[in-house]
Amino acid sequence: MHSDRILEHAVKLRAAVTDLALGDNIISQWCHGLTEPHELPPTDWINGYPDTVDTWVFGQLRPLLPEQDPGLASSD
C-alpha cells in the first residue's frame, strides 16, 4: 500500500531529524559555553529542543508516527 511506504519513510526521516536535533543541541551547548562561560546553560530549552524540532518538522503527522525516545539517536 502506498500510504505504508510513506509512513515507513516518514519514520526514517523522523529518526534522522532526531539525530540532527540532538547534534545541533550539543553544538549549541558548546557555543553557549564558549560565548557565555560564566552562565549556566538554559537547561529547560536544552531538554525540550528535540521535541520542539520534532513538532516543528512533523506537526500534524506526529499522531500517525510511532512513539520514539527523543533522547536516543537512531541506529541507522
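On a predicted model such as this, the values are computed, not experimentally measured, just so you know. (Residues numbered from 1 in each chain as written. Predicted model: local features only at pLDDT ≥ 70, side-chain atom pairs only at ≥ 80, totals over all residues. Heavy atoms only, no water.)

S.K.: Honestly, helix α1 (residues 2–35) in this entry has me stumped. Any pointers?
M.R.: Helical periodicity: at 3.6 residues per turn, an α-helix aligns residues three or four positions apart in one direction. Over its 34 residues, α1 runs 48 Å from end to end, which matches the ideal 50 Å to within 8%, given 1.5 Å per residue. Restricting attention to buried positions, one finds in α1 the residues Ala 10, Arg 14, Val 17, Thr 18, Ala 21, Leu 22, Asn 25 and His 32. Those residues of α1 that are buried are in contact with α2 (43–58). (Helix = DSSP H or I, 4+ residues; strand = E, 2+ residues; numbered from the N terminus. Expected span 1.5 Å × (residues − 1). Buried < 20%, exposed > 50% of the residue type's maximum accessible area, 1.4 Å probe, protein only. Contact = heavy atoms within 4.5 Å.)

S.K.: In this structure, what is going on with the nonpolar core? I would like to understand it.
M.R.: A general tendency of soluble globular proteins is for nonpolar side chains to be buried together. Counting seven residues, the largest nonpolar core consists of Ala 10, Val 17, Ala 21, Tyr 49, Val 53, Phe 58 and Leu 65. Every element with two or more residues in this core is listed here: α1 and α2. If we ignore the near neighbours within four places in the chain, the residues touching Ala 21 are Tyr 49, Pro 50 and Val 53. (Core = buried A, V, L, I, M, F, W, Y, C linked by side-chain atoms within 4.5 Å.)

S.K.: Explain the environment of Asn 25 to me, please; I cannot follow it from the model alone.
M.R.: For Asn 25, the position within the fold is in helix α1. Once the C-alpha coordinates of Asn 25 and Asn 47 are considered, the two residues, 22 residues apart in sequence, prove to be 9.1 Å apart. Those residues in contact with Asn 25, other than ones at most four positions away along the chain, are Ile 46, Tyr 49 and Pro 50. Reaching out from Asn 25, the side chain makes a polar contact with the backbone oxygen of Ile 46 at a distance of 2.9 Å. (Polar contact = N/O pair within 3.5 Å; in protein donor to acceptor, adjacent residues only side chain to side chain.)

S.K.: Explain a nonpolar patch on the surface here, please?
M.R.: A cluster of nonpolar residues, Leu 7, Val 11, Leu 61 and Leu 64, forms a patch on the protein surface that exposes about 310 Å² of accessible area. Looking at Val 11, the relative accessible area reads 34%, which means it is partly exposed. (Patch = residues over 30% accessible without salt bridge, like charges linked within 9 Å, V, L, I, M, F, W, Y side chains within 5 Å. Areas by Shrake-Rupley, 256 points an atom, 1.4 Å probe, with all protein chains shown as cover. Salt bridge = Lys/Arg side-chain N within 4 Å of Asp/Glu carboxyl O.)

S.K.: Explain the packing of α1 against α2 to me, please; I cannot follow it from the model alone.
M.R.: Angle between the axes and distance between the axes are the two parameters that describe a pair of packed helices. At their nearest, the axes of α1 and α2 sit 9 Å apart, and the two run at 145° to each other. Handedness of the crossing formed by α1 with α2: right-handed. On the side of α1, the interface is formed by Ala 10, Leu 13, Arg 14, Val 17, Ala 21, Leu 22, Asp 24, Asn 25 and Gln 29, while α2 contributes Ile 46, Tyr 49, Pro 50, Val 53, Asp 54, Val 57 and Phe 58. Here the contact of α1 with α2 is built from residues that sort into eleven nonpolar, two polar and three charged. (Axes fitted to C-alpha atoms, helices over the stretch in contact; angles between N-to-C directions. Left-handed = near helix turned anticlockwise from the far one by under 90°. Nonpolar A, V, L, I, M, F, W, Y, C, P; charged D, E, K, R; others polar.)

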